[in-house]
Amino acid sequence: MSKTNIGLVDYCKKQLGRPYWYGAFGQKATKSLYEYLKKTYPKYYTADDFKDQLGKKVHDCVGLIKGYFWTKGSDSTEYEYQSNDMKDISADMLYNLAERKGTNMDEMPRVPGVAVFMPGHVGVYIGGCWVIEARGHAYGVVKTKLCQRKWTKWAFIPGLEYHNEITN
């Protein structure tokens, strides 16, 4: 199945407002998923509101991108792990694997679906100087202004077909 920049942007838009769970990539929040992630990543699971998020689709930052590649649709929580040529990698590894990338944000192509990075974190540029990112547990999946966050690098996501590379 071909995955495109436009499909990624659409997927990210449909995730707005959903919770952030470290280590998640679009699964349905269940008690068993919570217990597994809390045991695996205890420092990220100290808040008291996780039980209020059960039943919702959840992501972390790079999980927002992996969720597009691995799940069967924007509302689906069915997934095929590591499918569509997307491995289970961190945000920093995603940048390192990219062939088209840069460290000068002023030279970033304003193409929807380009990933933007800061150490240990990734977001998806959606056009019009906006980024969608799974920002952290206190925020969830949010839309932020490109210029109001300290993004330091950009990259075209490996395995994603880019169409309509028109700058905004």
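Look up: the structure comes first, before these words.
Criteria and thresholds
- Residues numbered from 1 in each chain as written.
- Predicted model: local features only at pLDDT ≥ 70, side-chain atom pairs only at ≥ 80, totals over all residues.
- Heavy atoms only, no water.
- Helix = DSSP H or I, 4+ residues; strand = E, 2+ residues; numbered from the N terminus.
- Rg over C-alpha atoms; globule rule 2.2 N^0.38 Å.
- Buried < 20%, exposed > 50% of the residue type's maximum accessible area, 1.4 Å probe, protein only.
- Contact = heavy atoms within 4.5 Å.
- Axes fitted to C-alpha atoms, helices over the stretch in contact; angles between N-to-C directions.
- Left-handed = near helix turned anticlockwise from the far one by under 90°.
- Nonpolar A, V, L, I, M, F, W, Y, C, P; charged D, E, K, R; others polar.
- Pairing = 2+ DSSP bridges.
- Polar contact = N/O pair within 3.5 Å; in protein donor to acceptor, adjacent residues only side chain to side chain.
- Core = buried A, V, L, I, M, F, W, Y, C linked by side-chain atoms within 4.5 Å.

Peer 1: Just checking my understanding: could you explain the overall build of the protein for this structure?
Peer 2: Along its length, the protein carries four helices and eight strands. Along the chain direction, N to C, the helices and strands of the protein fall in the order α-β-α-β-α-α-β-β-β-β-β-β. In terms of overall size, the protein behaves like a compact globule, its C-alpha atoms giving a radius of gyration of 15 Å where 168 residues would be expected to give roughly 15 Å. Expressed as lengths along the three principal axes of its C-alpha atoms, the size of the protein is roughly 45 × 35 × 25 Å. Residue burial in the protein is summarised as follows: out of 168 residues, 52% are buried. Across the protein, contacts joining residues at least 24 apart in sequence account for 67% of those joining residues at least 6 apart.

Peer 1: Hey, could you run me through the packing of helix α1 (residues 5-15) against helix α3 (residues 61-70) in this one?
Peer 2: For any two helices packed against each other, the geometry comes down to the angle between their axes and how far apart the axes lie. With their axes 10 Å apart at the nearest point, α1 and α3 run at an angle of 120° to one another. In terms of crossing hand, the pair formed by α1 and α3 is right-handed. The residues of α3 that touch α1, namely those facing Gly7, Leu8, Tyr11, Cys12 and Gln15, are Leu64, Ile65, Gly67 and Tyr68. Class assignment of the residues belonging to the contact of α1 with α3 gives a composition of six nonpolar, three polar and no charged.

Peer 1: Would you mind going over the pairing of strand β6 (residues 130-134) with me for this structure?
Peer 2: Side-chain direction in a regular strand flips from residue to residue, so the side chains alternate between the two faces of the sheet. Taken across its five residues, β6 has four buried, putting it largely inside the fold. The pairing of strand β5 (residues 121-127) with β6 spans three bridges and is classified as antiparallel. Note that in β6 the partner of Tyr125 across the bridge is Val131. Where β5 folds back onto β6 in an antiparallel hairpin, the turn is made up of two residues, including Gly128, whose phi is positive at roughly 60°. Of the strand pairs in this sheet, β6 and strand β7 (residues 141-145) are connected by five bridges, and their pairing is antiparallel. Of the residues in β7, the one forming a bridge with Ile132 is Lys143. Hairpin connection of β6 to β7: six residues between the antiparallel strands, including Gly136 at a positive phi of 150°.

Peer 1: Just checking my understanding: could you explain the environment of Gln27 for this structure?
Peer 2: Along the chain, Gln27 falls in strand β1 (residues 25-28). The buried category is assigned to Gln27, whose relative accessible area is 8%. Residue contacts for Gln27: discarding those within four places in its chain leaves Leu33, Lys56, Lys57, Val58, Thr77 and Tyr79. From its side chain, Gln27 meets the backbone nitrogen of Phe25 in a polar contact 2.6 Å long.

Peer 1: What's the story with α1 in this structure? I'm lost.
Peer 2: Spacing of three or four residues puts side chains on the same side of an α-helix, whose turn is 3.6 residues. When α1 is considered as a whole, its buried residues turn out to be Asn5, Gly7, Leu8, Val9, Tyr11, Cys12 and Gln15. Buried residues in α1 make contact with β1, β2 (57-59), α3, β5, β6 and β7. In the stretch just after α1, Gly17 is the one whose phi turns positive, near 90°.

Peer 1: Just to check I follow, could you spell out the nonpolar core for this structure?
Peer 2: A general tendency of soluble globular proteins is for nonpolar side chains to be buried together. Leu94, Val122 and Ile157 are the most contacted members of the largest nonpolar core, which has 43 residues in total. Counting residues per element, this core draws most heavily on α3, at seven residues. If we skip the residues at most four places from it in the chain, Ile157 touches Leu8, Ile65, Phe69, Met86, Leu94, Gly113, Ala115 and Tyr162. Grouped together as the second largest cluster of nonpolar side chains are nine residues, Trp21, Ala29, Leu33 and Phe50 included.

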